[in-house]
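Topology and contacts: notes
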Amino acid sequence: MEEIKINITLVEDNELYALFLEHKIKDLLNCNFKIYNNSEELINNLEFEKNTDIFILDYNLPGLKGLDTLRILRDRLPDAEIIILSNQSDIQVAIDLIKSGAFDYVIKNNDSVERILNAISKAQEFRFLRSENITLKLKINKYKSISTIVAIIFIIFFSIILFLR
């Protein structure tokens, strides 16, 4: 069975770092990878990003900042997972971003590629579990409907029997 490719979009203004991340991630994951240099370019092309599974978003971008971009993505593509990538290690910023809907927060350092890959893996698992949860809820609702219909038929059947006596 062929593994499904994950769609990843990176928003990073440092072109060399973006190409480095693309190379490392594509080398280890079966994925489609797209790069934008700024948030405005991404926002202007969101209609082409509806199939993106995971966004990796630099926090300190020129122009539209990471938190604002995160909020727009969360509003327009609520099922996508968003990993924030940043040079700064202020814990309050990380907390605020997670509260605003970021899936994870990764600090740019020597371990960032490994941590990004770990965050992508967790995001994929989360997306699978969310999808599985929706599927199971639909199945439960289907069986609830069937059991309700059976119960109504049962009541009608016994009502008719009692009426005919």
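Residues numbered from 1 in each chain as written. Predicted model: local features only at pLDDT ≥ 70, side-chain atom pairs only at ≥ 80, totals over all residues. Heavy atoms only, no water.

The next subject is the overall build of the protein. When you go through the protein residue by residue, the secondary structure sums to 5 helices and 5 strands. For the protein, the α and β elements follow one another from N to C terminus as β-α-β-α-β-α-β-α-β-α. Across the 165 residues in the protein, those meeting the buried criterion constitute 34%. Counting every atom, the protein has about 10,700 Å² of accessible surface; 57% of that belongs to carbon and sulfur. Across the protein, the mean location of the 20 positive side-chain charges is 11 Å away from that of the 24 negative side-chain charges. (Helix = DSSP H or I, 4+ residues; strand = E, 2+ residues; numbered from the N terminus. Buried < 20%, exposed > 50% of the residue type's maximum accessible area, 1.4 Å probe, protein only. Areas by Shrake-Rupley, 256 points an atom, 1.4 Å probe, with all protein chains shown as cover. Lys, Arg positive; Asp, Glu negative; His and termini not counted. Charge placed at Lys NZ, Arg CZ, Asp CG, Glu CD.)

On to the pattern of salt bridges. Taken as a whole and judged by the stated rule, the model has 4 salt bridges. Across the pair Lys34 and Glu49 runs a salt bridge, and its minimum N-O distance is 3.0 Å. Of this pair, Lys34 sits in strand β2 (residues 31-36) while Glu49 sits in the loop between α2 (39-44) and β3 (54-58); the two residues are 15 residues apart in sequence, bridging distant segments of the chain. Overall, Glu49 belongs to the buried group, its relative accessible area being 1%. The closest approach of N and O atoms between Asp58 and Lys108, which form a salt bridge, is 3.5 Å. With Asp58 in strand β3 and Lys108 in the loop between β5 (104-107) and α5 (112-164), the pair connects residues that are 50 residues apart, well separated along the chain. What makes Asp58 buried here is its relative accessible area of 3%. Given the relative accessible area of 17%, Lys108 is considered buried. Each of the salt bridges in this network shares a partner with another, and the network as a whole consists of Glu12, Asp58 and Lys108. (Salt bridge = Lys/Arg side-chain N within 4 Å of Asp/Glu carboxyl O.)

Bridging between strand β1 (residues 6-11) and β2 involves 6 bridges; their strand directions are parallel. Paired with Ile8 across the two strands is Phe33, which belongs to β2. As for the winding sense of the linkage, the β-α-β connection from β1 through helix α1 (residues 15-28) to β2 is right-handed. (Pairing = 2+ DSSP bridges. Right-handed = clockwise from strand over helix to strand, strands pointing away.)

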